[in-house]
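# Tertiary structure, described
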Amino acid sequence: MKLEGIHHITAITGDAVANVEFYTGVLGLRMVKQTVNQDDPTVYHLFYGDEDGSPGMDLTFFEYPGAAPGVPGAGMVHRVVWRVGAAEALAFWRDRLQAAGVRSQLADGSLLFADPEGLEHELVVPDVPDEPLAARSPEIPAEHALQGFEGVRAYSSAPARSERLLADTLGFVRAVGSETWEVRGEQRGGFYAYDPAPPEINRRQGAGSVHHVAFASPKGEHETWRLRVAQAGAHPTPVIDRFYFKSVYFREPSGVLFEIATIGPGFAVDEDAEHIGERLSLPPRFEPLREQLLETLTPLPYPPSWRVEQSSPPVAS
Ligand code: ZN
């Protein structure tokens, strides 16, 4: 039984409109689900990914309008690392980010930048057999598109505390002499790495903070993962049905909130696959709130006209 790399990464934004403009506009991701936070349905939960909404390429945001900026510290993921296909893509993204007014730093096979709220991103060119997962955008040549997650970097003040859970319970494999752990299954993999925690000055969750990282489990193994985490003393939640996947949450000993999420049923469970993410989707138990939510949620600058126009309208009979 193995976890299939990173399923999704969830962060916080204080400004859904600017968030959509950055991730679908500048980075060229597809919005693969536009829904609400199931633990607080008055706020958005926006999912960005590849064309199919695949696990492995799914960055999501809860919107808390006007949230103060977060400050990453011990027990928090502070950087999302993405794959691109070749070194030429790094130069493409440096130029594209610059044109969008985003500073970046190109060094040693990697490009570092932050989103408008300070969430750090890094693009790298890994040598992996995994299927590249990409979204289409008219502004981004296919060969330069982001291709899914390579990993996340978290801060820990005592990473040794996490060793047993990561290695013995979750099956992560540590690269020799480092604090980088590979989590790899039959189809996909990625890394989870620790950096020394900065001094605790005003560490806090807020806009631009990562809330949790989810690892992918085949559906049939999900309950067993929960049991294994419980037996290791990590206090998992019950299995929670998130409608698009099922989830179990627990905090690993360094303080980072982990989730194990099922691969499927996926985002086309309640929308036509060609039109996922184009309008507000609500799992059935939230559907009675639709009218009320449409009045309070901020209208989003999505979908772009090219996405609407490209798909053929239903044939009139
Ligand atoms: Zn999650």
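This section reports on the structure supplied with the text. (Residues numbered from 1 in each chain as written. Predicted model: local features only at pLDDT ≥ 70, side-chain atom pairs only at ≥ 80, totals over all residues. Heavy atoms only, no water.)

### Here's the deal with the pattern of salt bridges
The line we're drawing: Salt bridges are identified by distance alone: a Lys or Arg side-chain nitrogen within 4 Å of an Asp or Glu carboxyl oxygen. For helices the rule is a DSSP run of H or I covering at least 4 residues; for strands it is a run of E covering at least 2, with both sets numbered from the N terminus onward. For the exposure calls, accessible area comes from a 1.4 Å probe over protein chains only, and a residue counts as buried if that area is under 20% of its type's maximum, exposed if over 50%, partly exposed in between.
Here the structure, examined in full by the defined rule, presents 18 salt bridges. Of the charged contacts in the structure, one is a salt bridge between Arg30 and Glu51, with a shortest N-O distance of 3.4 Å. Residue Arg30 is located in strand 2 (residues 30–37), and its partner Glu51 is located in the loop between strand 3 (40–49) and strand 4 (58–63); the two are separated by 21 residues in the primary sequence. Here Arg30 and Glu51 have matching classes, each one buried. For the salt bridge of Glu179 with Arg174, the shortest nitrogen-to-oxygen distance reads 3.5 Å. The exposure class of Glu179 is partly exposed, given its relative accessible area of 27%.

### Re unusual backbone geometry
Here the bond from Gly264 into Pro265 is cis, since omega is 10°, no more than 30 degrees from zero. Here Pro265 lies in the loop between strand 16 (257–262) and helix 5 (290–296). For the peptide bond that leads from Tyr302 to Pro303, omega is 0°, which places it in the cis range. Tracing the backbone shows Pro303 in the loop between helix 5 and helix 6 (305–310). Phi at His235 is positive, roughly 50°, even though this residue is not glycine. Looking at where His235 falls in the secondary structure, it is placed in the loop between helix 4 (222–231) and strand 14 (240–241).

### Regarding helix 4
To keep things clear, this is the line we draw: It is the directions from the helix axis to the C-beta atoms whose arc is reported. Should any heavy atoms of two residues lie within 4.5 Å, those residues are counted as being in contact.
Within helix 4, the full set of buried residues consists of His222, Trp225 and Val229. Angular distribution of buried residues about the axis of helix 4 spans 55°; they occupy a single face of the element. Turned more than 90 degrees from where helix 4 packs its buried face, Glu223 and Gln231 sit exposed. Contacts from the buried residues of helix 4 go to helix 3 (163–169), strand 13 (210–217), strand 15 (246–251) and strand 16.

### Looking at the side chain of Arg242
The cut-off we apply is this: Think of a polar contact as two N or O atoms within 3.5 Å of one another; within protein, one of them needs to be a possible hydrogen donor and the other a possible acceptor, and neighboring residues in sequence only count if both atoms come from side chains.
Checked against the element boundaries, Arg242 lands in the loop between strand 14 and strand 15. Polar contacts involving the side chain of Arg242 include one to the side chain of Tyr249, which spans 3.0 Å. Those residues in contact with Arg242, other than ones at most four positions away along the chain, are Gln38, Asp39, Ser247 and Tyr249.

### Some remarks on the coordination of the zinc ion
Applied cut-off: Coordinating donors are taken as N, O and S atoms within 2.8 Å of the metal, stretched to 3.2 Å for Na, K and Ca; because water is absent from the atoms, sites can appear incomplete.
Protein-derived coordination of the zinc ion comes from His8 (NE2), His212 (NE2) and Glu259 (OE), at a distance range of 1.9 to 2.1 Å. In the primary sequence, the donor residues of the zinc ion line up as H-x203-H-x46-E. Placement of the pair is His8 in strand 1 (residues 6–13) and His212 in strand 13, with a sequence separation of 204 residues. According to the relative accessible area criterion, His8 is buried, its value standing at 2%. Overall, His212 belongs to the buried group, its relative accessible area being 4%.

### Section: helix 1 (residues 16–26)
Of all the residues in helix 1, the buried ones are Ala16, Asn19, Val20, Phe22, Tyr23, Thr24 and Val26. Phi for Gly28, located one or two positions after helix 1, is positive at around 70°.

### Topic: the pairing of strand 16
The line we're drawing: At least two DSSP bridges between two strands are required for those strands to pair.
By the criterion of burial, strand 16 is predominantly enclosed, with six of the six residues buried. Of the pairings in the sheet, the one linking strand 13 to strand 16 comprises five bridges and is parallel in character. Looking at the pairing, Phe215 lines up with Ile260 of strand 16. Taken together, strand 15 and the strand that follows it, strand 16, pair antiparallel across an intervening segment of five residues, in which Gly255 is found at a positive phi of about 105°.

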